[in-house]
Amino acid sequence: MGEEEKKLPGFIMCVCTGKCPGFSQMDIWDFINQVRVELPVEYGFIHPQLCEEDGDRFLADMLQADRPMVIGACAKNMQIKMFRDAFKAAGLDVNKDLVALDIRDMTTEKAVQKVSEALEAMGGEV
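Residues numbered from 1 in each chain as written. Predicted model: local features only at pLDDT ≥ 70, side-chain atom pairs only at ≥ 80, totals over all residues. Heavy atoms only, no water.

The protein is annotated in an unreviewed UniProt entry as Heterodisulfide reductase subunit A-like protein from Anaeroselena agilis.

Next up, the structure:
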């Protein structure tokens, strides 16, 4: 058996119902399309509100894929607080297994750059 192939991370953008003023400078559709097409991720998509109960269920399903997860949303400390239980239920440590990026108050270009830099720091070739 050869070396196990490294899994590409998944990328989820949470838009706080789509009405958060923190995303007003960004074209979320251009952003997510650039991330999923141009960056080394397995997939990229938008969830309306990961901190709600359906977001918990969604994360529980997604985390079963056993791949690194990058979430672009609100403040890192809030993401860790809100997603801790979902990561724990999947046997993961939210402090180690989540790459939480605060992409509020950024233009599309700045947010894509922030994701690109995070993926590069994770060892992905951008």
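Having seen the structure, we can now continue with the description.
Turning to the packing of aromatic side chains, a few remarks are in order. Two descriptors summarise a pair of aromatic rings, namely the distance from one centre to the other and the angle between the planes of the rings. Throughout the structure, instances matching the rule amount to three aromatic pairs. Seen in terms of ring centroids, phenylalanine 11 and phenylalanine 31 are 5.8 Å apart; in terms of plane orientation they differ by 65 degrees. Their pairing is edge-to-face. Within this pair, whereas phenylalanine 11 is found in strand 1 (residues 10–14), its partner phenylalanine 31 is found in helix 1 (residues 28–38), the two being separated by 20 residues in sequence. Considered together, phenylalanine 11 and phenylalanine 31 belong to a single accessibility category, that of buried residues. (Phe/Tyr/Trp six-rings, centres within 6.5 Å; stacked < 30°, edge-to-face > 60°. Helix = DSSP H or I, 4+ residues; strand = E, 2+ residues; numbered from the N terminus. Buried < 20%, exposed > 50% of the residue type's maximum accessible area, 1.4 Å probe, protein only.)

Our next topic: the nonpolar core. Phe11, Met13, Met26, Phe31, Val35, Ile103 and Val115 are the most contacted members of the largest nonpolar core, which has 20 residues in total. If you list the elements that add at least two residues to this core, you get strand 1, helix 1 and helix 5 (108–121). With five residues, helix 5 is the largest single contributor of residues to this core. Setting aside chain neighbours within four positions, we find valine 35 in contact with Phe11, Val41 and Val115. Ranked by size, the runner-up nonpolar core spans 17 residues in total, among them Cys14, Leu50, Met62 and Ile71. (Core = buried A, V, L, I, M, F, W, Y, C linked by side-chain atoms within 4.5 Å. Contact = heavy atoms within 4.5 Å.)

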